[in-house]
Each structure stands twice: as structure tokens, then as C-alpha cells.
Amino acid sequence: MSVINILDPHVADLIAAGEVVERPASVIKELLENAFDAGAQNVTVELRGGGATYIRVTDDGCGMAPEDAGVAFLRHATSKLHDERGLEAIGTMGFRGEALAAISAVSHIELRTRRRGDTEGTRVTLTAGEIDEMGAVGCPEGTTMIVRDLFYNTPARLKFLKSDRSEASACVQTALRCALGRPEVSVRLIRDGSEEFFSPGDGRQDSCVYALLGRDLASSLLPCRGEDEGLRVSGFVSSPSAGRGNRGAQYFFCNGRFIKSQLLQAALEQAYKNSLLTGRYPACALYLELSFGSVDVNVHPAKTEVKFSQERKVFDLVYHAALSALQGEDRLAEQPAASAPAPAPQRPAPAKPDFFRSMSAAQYRAAQPAESPPAESFFSGNLSLRAPEMPEQTRLDLSPAPISTRFDEKNQAATGFAPAPGPQIVENSVQNVEKSPVPDHKILGEALKTYILVEVGEQLLLIDKHAAHERMNFDRLKAMDREILSQTLLAPVTLRPDAGDCELLEQNGELLNELGFEIEPFGRGAYILRAVPADILPGDAVPAIEEMLEKLRRGKAPDVQSVKDELLHTVACKAAIKAGWDTSRAELERIVQEVLSGRVKYCPHGRPVSAVLSKKDLEKMFKRIV
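Residues numbered from 1 in each chain as written. Predicted model: local features only at pLDDT ≥ 70, side-chain atom pairs only at ≥ 80, totals over all residues. Heavy atoms only, no water.

Thoughts on the overall build of the protein
Across its full length, the protein carries 19 helices and 24 strands. In the protein, which comprises 626 residues, the proportion classed as buried is 47%. Expressed as a percentage of contacts within the protein between residues at least 6 apart in sequence, the contacts between residues at least 24 apart total 70%. Looking at the protein as shown, the accessible area adds up to about 31600 Å², and 51% of this sits on carbon and sulfur atoms. (Helix = DSSP H or I, 4+ residues; strand = E, 2+ residues; numbered from the N terminus. Buried < 20%, exposed > 50% of the residue type's maximum accessible area, 1.4 Å probe, protein only. Contact = heavy atoms within 4.5 Å. Areas by Shrake-Rupley, 256 points an atom, 1.4 Å probe, with all protein chains shown as cover.)

The structure is reproduced here in C-alpha cells:
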């Protein structure tokens, strides 16, 4: 008896539809691309209920003849590809002939279309891919496609849809990406009767970026342009000072098509190396133009993955274009006068009560100017300002660290010489320190406003104050058996995350609330931040949320506690003293005691917080001994 069955064509269509239509946003993407290929100058997208119940896309393109409208919904029916040679140089957004067939297989569809110059149009209605009615109708030139009750006949797919809010956000983000890739086309999106965005369609990249990405992001962008042997890139990249906590604002386009490319992402971020803070990502809207034959878009049905025939040249082009844009900003930046040294970065003033609606009495007293000592403990995690008495004649038990010669070969090539041998960072520099007593020590000061210099017996200890304070904050937050204290903002902050981040916010709202963030939905595609953890400055709240969303998106943590630890890393980092800040003697003393007691050895990310130089090491460096 045969066990292999040939599936019914309708079942096969439902299975195939799953490759193209994952959610309502997939429908909008395919219909918009069809409108672009039809030569439309104006496109309007309307959706209701997250897109699952109603989607309408109207364009003023070339329209279809009655005979074409009847076969457009058959699988592998397309006007954009004629033979196998067409696959060698695909110049249209669509070409597979699968989109309309896949959409119609899982929905109710109504098509109204009229060619330019025709006296009447054509109306076609379909249910589950089968034509119900077809005839002449009066309608404007162009095409209108209405999709209702998406996945009504595939409950398995329907139950996996997110909330209407999440699905609508995904639809908006998908339409925005399509519109951003075509500055010459005016795209309007209406959600539940309200306009979400409108692009001017004047062909200018700058006005398109401004209209779709907003004034705040557009004002931080730098023009970027490059060309090399038939390859051309143009668009905008963000200033290093406007780095973001995730890659959600990186938009890459290849011949007008939005793509996801690790190659372009790596080229962009390589250009920002040594100019962007660790954990921050650049934003961009980059338009890559190259011959159709040098890029393969037939990799995945979604058509967002591509392969380049000259990957090295594409990488170099994007890298050098972005680097030139950054160097251009440096040249335009105002230089400080030669006679006046640049001012050292100052630590932000402690938070004042007028930033918040409510504040505890202890926080209020800490925020007020004090005669003695300075009230910096409010920001630094309630550090004790009085150092405990030191045990007498206690010595740090540390073995001498070997000397190693380590230098940057690039710097050596540029300068012509290598730096003198220096001390090796010893990761286990404080492993053998007793946890209770604190050795007798002397704080000599700070180096580069980053490293605390401490003399302990006949050894010199260097402590990274940011890394050590970050660990102190992390341990304190993790040890708390109650909710983290939060501070209510007098002026709430509005967040406008992309579709993926909207889903993460909804799924992890309770977890973020436990960390001290109070976030609520605020209109369509927006959220409002009403409270932040007490240890974080209000200005650091949005970058902290962006970093946490990036960690949640990666999803590498195996359990809830691990996820919470990852988020606590971000909170602890934002609340920690930063390199380059002026730090009070009391805070330095507190950090030194935590390190010398053995309670702080590594930062939450695993970096060592201290390094040690013995007297013998120093004497060897200065050739006092051999």
C-alpha cells in the first residue's frame, strides 16, 4: 500500500503561501513592490485591525488589461520575467509570480484595475485563490487591491499572529522601508483612519529621510557618497555622537530594494571603529546602485537577502564612503583655540528634585548642596562618603606580574617606533585578597581621569573606576530582594520604536517594570516613558532601553534570570561613574575599598577592574635591576 500522497493543489498552495506571506506586513510589502513595478507615482496604503482584517493598496500605475487581471492570481504568473536569462539581471522588485497567488490563497481579495486610456476597468473577487466574480467596473486609472480576513482558512497561521498593535507596527515599519527606498514615489499610509506617514515623492533622498525618519534622526545624519567602477553608494550616516543602542535605524537599499546584509552592516560599523562608544550602533540610510547582473536577489522568497558578485568592492565602497563622511564632519567641527586648552569633561551635576514628581527623603537630601561632604552619592548608588577605619599593618598579598611587550602594530607603522614595554594586565590581580580586611593603602590620585592609582605596600595598583563601579552597582541591584526604586519624570519621554522593538516592549513589559522602567502605550506606534531607575540619569534612560531591547532581540540568555542579569548589566553601566568624569575623593575611596577587599574583581562583562605593578616590575622597567 502506498504511503506517499500527492497533495491537493489547494493544500499545496496553502503551504507555498507560508513562504511568502508570514504576516500582514508581508502582504503590504508585496503589494507595494507591485505598485512600484507598475510605475506608480502615488501609492496609498490603508489598514485596519493590525492588517489581518483589512488592507487596501491603491496606486496610479499602468493598471492591467481584463485578460491579465484574470490570470494574475495564478501561481508563477508574472509580467516581469520571460525566460531563464531574465534571472541573470533582475531589474524589477518582483519577478517570482508567487505573491498574488500566495495572498489570494489565504484571504478574500477584491481587485479593481484600469489601464491608462481605457474607458472602463476590471473588477475581480477571489476567495481562497478561486475567482468568484469578474466583470467591468468604473474606477480610476491604476490598481486597487483589497485584502480581507487574512489567514481565515489557515488557523494554524492565524493563531501565531501577535496583537493588533504589534502587527500594525510591523505593517507601518515595512511600508516605511519600502517608501524610504523609493524617494521618487509618494507613499501615504493610513492606519485605522489616521495618517501614519507621508513621503513627498520629489526624488530627493534628504526630504524622504526627513519625512519618514523624523527630524531628530535626520538632524544627526551626515551626507555620504562614493563611486567606484560602476558601483555607487549615496545616502546618509549618523554622527558618532548620535549612536544608538541597537541597529534598528540602519536601512540598506540595493537598486531601490530594502535588504538585510551583514556585509554592508560590517562595512558601516568598521568605519565607526574607534569613534563610536562600545555598545552603540550607527544609524544610516544608504542607497547602493550597481548593475543588475552583479547582484543576485533570487535567494529567498522574501527577497531581502542578496548576494554580490564583487563583495570586496562593495565592502570597500561603503566603508570608505562612510569614513569620508565622518572625516568631513571632523574637518567642519569647530577647533578650540590654541592658547586655551580644551575643557575637561565634567561629571553631570547631581539630579535635582525638579526633574521628578516624587523623591524619597534620603534622595532629596542627597540632591541638595551640602556643606560637607559633596552630595554625589545620589547618583553613584548611595555610596558611603565616610571611609571605615583601616586595619593596622595589613599588606596586600599579590605576586609580581610578569612584564610583557604588547603594542599596536598599526600605531607602530604610523609613528615609526613601538612603545616601551609595559606591565601586563593581570586578570587575577586581586584573587587572593581577604574579603573582610582592607589593606593599608594610599590613594595617589587618578590617571587620565579613568584609572585610580593606589599604593599598597610595595605595589602599585591601577583600578578602572568605571568598571569597578559598574560591578558594585550590578551586585547591589542583583542582591535587592525588592523592586528597584524608580523615579518619576516630570517631563515624560516619548519612544517611537520600530515594529520589532514594539513586540519586545509588549512581551517584556513586566520585566522592564521590575527594573524600574515605567513604559506605557502612547498612541499608534509610540510609547511613553514615565519613570526610570533611581540610579540612572533621565538623559541616559532612552539609550539604556535601546541597549536592553538589543539584548532581548538577540535572545541569547537561556532563562528569565539570565535575561534579567543581561538587563541589569545595562542599568549598572548607565548608573556607573564614567571615564573622564571628575570624581570625589570619597567615591574613589569607596571603590578602592571594594576592590581591595576582594568583593569587586571583574566588571559584569568579565573585564578585569584592576592591574598591579610590583616594585620589582618598576625597577626592571627603569633598568634599576636586571
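There's more to say after this.
What to know about the packing of aromatic side chains
Following the criterion strictly, the structure yields 3 aromatic pairs and no others. Judged by centre distance (5.8 Å) and plane angle (65°), the ring pair of Phe-253 and Phe-258 falls under edge-to-face. The pair Phe-253 / Phe-258 is uniform in exposure class, with both members buried. Seen from their ring centres, Phe-315 and Tyr-319 are 6.5 Å apart, and the 10° between their planes marks the pair as stacked. On the criterion of helical spacing, the pair formed by Phe-315 and Tyr-319 is a turn pair, its members being 4 residues apart in helix H10 (residues 311–332). Accessibility expressed as a relative area gives 17% for Phe-315, which makes it buried. (Phe/Tyr/Trp six-rings, centres within 6.5 Å; stacked < 30°, edge-to-face > 60°.)

A closer look at helix H9 (residues 262–271)
Those residues of H9 that sit buried are Leu-264, Ala-267, Leu-268 and Ala-271. Projected down its long axis, H9 carries its buried residues within an arc of 95°, all on one side. Looking at where H9 begins, the residue whose side-chain oxygen comes 3.3 Å from the main-chain nitrogen of Leu-263 is Ser-261. (Arc of directions from axis to C-beta. Polar contact = N/O pair within 3.5 Å; in protein donor to acceptor, adjacent residues only side chain to side chain.)

Quick look at the sheet that holds strand E6 (residues 142–148)
Spatial ordering of the open sheet is given by E5-E4-E3-E6-E2-E1-E7-E8, a layout of 8 strands whose pairing is mixed. The sheet is open, and its two edges are formed by strand E5 (130–137) and strand E8 (194–198), each paired on a single side. The average undirected angle you get between the axes of adjacent strands in this sheet is 15°. Helix H2 (residues 24–37) rests against strand E1 (42–48), strand E2 (54–59), E6 and strand E7 (186–191) of the sheet, and its axis sits at about 165° to E1. Sheet contacts for helix H6 (residues 164–181): E1, E7 and E8; angle to E7, the most-contacted strand, approximately 175°. (Pairing = 2+ DSSP bridges. Axes fitted to C-alpha atoms, helices over the stretch in contact; angles between N-to-C directions.)

Structural notes on the packing of helix H13 (residues 465–479) against helix H18 (residues 585–596)
Between H13 and H18, the least distance of the axes is 10 Å, while the angle of their chain directions is 75°. As the angle between them shows, H13 and H18 are arranged roughly perpendicular. Contacts from Lys-465, Ala-468, His-469 and Met-472 in H13 reach Leu-588, Arg-590, Ile-591, Glu-594 and Val-595 in H18. Here the contact of H13 with H18 is composed, by residue class, of 5 nonpolar, 1 polar and 3 charged. (Parallel < 35°, antiparallel > 145°, perpendicular 65-115°, else oblique. Nonpolar A, V, L, I, M, F, W, Y, C, P; charged D, E, K, R; others polar.)

Details of the environment of Val-532
Within the secondary structure layout, Val-532 lies in strand E23 (residues 527–533). Given the relative accessible area of 0%, Val-532 is considered buried. Measuring from C-alpha to C-alpha, the distance between Val-532 and Asn-513 comes to 9.1 Å, with 19 residues separating the pair along the chain. Excluding residues within four positions of it along the chain, Val-532 makes contact with Leu-485, Ser-486, Gln-487, Leu-489, Gly-516, Phe-517 and Ala-541.

Digging into the sheet that holds strand E13 (residues 284–289)
Read from one edge to the other, the open sheet built from 5 strands follows the order E9-E10-E13-E11-E12, with strand pairing classed as mixed. A single partner strand is all that each edge strand has here, and the edge strands are strand E9 (221–228) and strand E12 (257–259). Averaged over neighbouring strand pairs, the angle between their axes works out to 20° when direction is ignored. Relative to E12, strand E11 (residues 250–254) runs antiparallel, the two being bridged by 3 bridges. By the bridge assignment for E12, Cys-254 is matched with Arg-257. Of the strands in this sheet, E9, strand E10 (231–238), E11 and E13 touch helix H7 (residues 205–213), which is tilted by about 40° from E10.

Brief notes about the nonpolar core
Core analysis: the largest hydrophobic core is formed by 62 residues, its most contacted members being Leu-32, Val-43, Val-147, Leu-180, Phe-197 and Val-209. At 9 residues, the largest contribution of residues to this core is made by H6. Residues Leu-286, Val-314, Val-318 and Ala-322 belong to the second largest nonpolar core, which totals 30 residues. (Core = buried A, V, L, I, M, F, W, Y, C linked by side-chain atoms within 4.5 Å.)

Quick notes on the environment of Pro-240
Its place among the elements puts Pro-240 in the loop between E10 and E11. In the structure, Pro-240 is positioned 35 residues away from Ser-275 in sequence and 6.3 Å away in space, judged by C-alpha atoms. Excluding residues within four positions of it along the chain, Pro-240 makes contact with Tyr-272, Ser-275, Leu-276, Leu-326 and Glu-329.

Considering the pattern of salt bridges
According to the stated counting rule, one finds 26 salt bridges in the structure shown. Glu-546 serves as the salt-bridge partner of Arg-244, at 3.9 Å between the closest nitrogen and oxygen. Residue Arg-244 is found in the loop between E10 and E11, and its partner Glu-546 is found in helix H16 (residues 541–554); the two are separated by 302 residues along the sequence. According to the relative accessible area criterion, Arg-244 is partly exposed, its value standing at 25%. For the salt bridge of Glu-594 with Arg-590, the shortest nitrogen-to-oxygen distance reads 3.0 Å. Remark: Arg-590 and Glu-594 occur in helix H18; sequence separation between them is 4 residues, near one turn of the helix. You can call Glu-594 buried: its relative accessible area is 9%. Sharing partners across several salt bridges, the network here consists of Glu-110, Arg-112, Arg-123, Glu-133 and Arg-148. (Salt bridge = Lys/Arg side-chain N within 4 Å of Asp/Glu carboxyl O.)

A word on the pairing of E8
In this structure, E7 lies alongside E8, joined through 4 bridges in antiparallel fashion. Within E8, the position partnered with Ile-190 by the bridge is Glu-195. With antiparallel pairing between neighbouring strands as the criterion, E7 and E8 make up a hairpin whose turn holds 2 residues, including Asp-192 at a positive phi of roughly 50°.

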